[in-house]
Amino acid sequence: MSTMQLDIVTPERKVYSEQVEMVIARAEEGDIGILPNHAPYVSPLKVTAVKVKKDGDEFFIAVSGGFIEVRENTVTILAETAEMPGEIDIERAESAKRRAEERLADRKRDDIDFKRAEIALQKALTRLRVGKSG
């Protein structure tokens, strides 16, 4: 099967760099599936569990925002944060989920940034999904 290069990079490090068969991510416009020889494409990314197919196996990488670019058989994800399944601390992600849910449950308080709490909840849920899949 033909492959393409997938590079996932954060400001701190290169998280992943391998030849893969398929990538699925949640872009601003919705989910996008990318196969080798895909047309050029650029989009902001939502908080997402990027699905990667390599050597017939599928796995997820947790990505918090950033951009995806496809060109010349290379998919580049420039992410704010990204974590492989084995890097995720499940207990920490569960705690973050609980904190975000508690903030969102108290809609009467003026001192809570609800948009930030919603993003924190999305990140925690994505980290849990990826962490438990690995």
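Residues numbered from 1 in each chain as written. Predicted model: local features only at pLDDT ≥ 70, side-chain atom pairs only at ≥ 80, totals over all residues. Heavy atoms only, no water.

- The chain is annotated in an unreviewed UniProt entry as ATP synthase epsilon chain of Kroppenstedtia guangzhouensis.

### Concerning the packing of aromatic side chains
Here comes step 1: All chains considered together, the criterion is met by one aromatic pair.
Here comes step 2: Over the ring of phenylalanine 60 we find arginine 129, and its NZ or CZ is 4.5 Å from the ring centre. (Phe/Tyr/Trp six-rings, centres within 6.5 Å; stacked < 30°, edge-to-face > 60°. Lys NZ or Arg CZ within 6 Å of the ring centre and 35° of its normal.)

### Observations regarding the confidence of the model for the chain
Here comes step 1: Confidence in the prediction of the chain, expressed as mean pLDDT, is 90, and 95% of residues score 70 or more.
Here comes step 2: Mean pLDDT values over the elements of the chain span from 83, in helix 2 (residues 114-133), up to 98, in strand 1 (residues 4-9). (pLDDT = per-residue confidence, 0-100. Helix = DSSP H or I, 4+ residues; strand = E, 2+ residues; numbered from the N terminus.)

### Describing the environment of glutamate 12
Here comes step 1: Position of glutamate 12 relative to the elements: it lies in the loop between strand 1 and strand 2 (14-20).
Here comes step 2: A sequence separation of 69 residues divides glutamate 12 from threonine 81, and the C-alpha atoms of the two residues are 8.6 Å apart.

### A short note on the environment of isoleucine 32
Here comes step 1: Along the chain, isoleucine 32 falls in strand 4 (residues 30-34).
Here comes step 2: Exposure remark for isoleucine 32: the relative accessible area of 11% places this residue in the buried category.
Here comes step 3: For the pair isoleucine 32 and glutamate 91, spaced 59 residues apart in the sequence, the C-alpha separation amounts to 30 Å.
Here comes step 4: Not counting residues within four places of it along the chain, the set of residues in contact with isoleucine 32 comprises Val23, Ile24, Ala25, Ala27, His38 and Tyr41. (Buried < 20%, exposed > 50% of the residue type's maximum accessible area, 1.4 Å probe, protein only. Contact = heavy atoms within 4.5 Å.)

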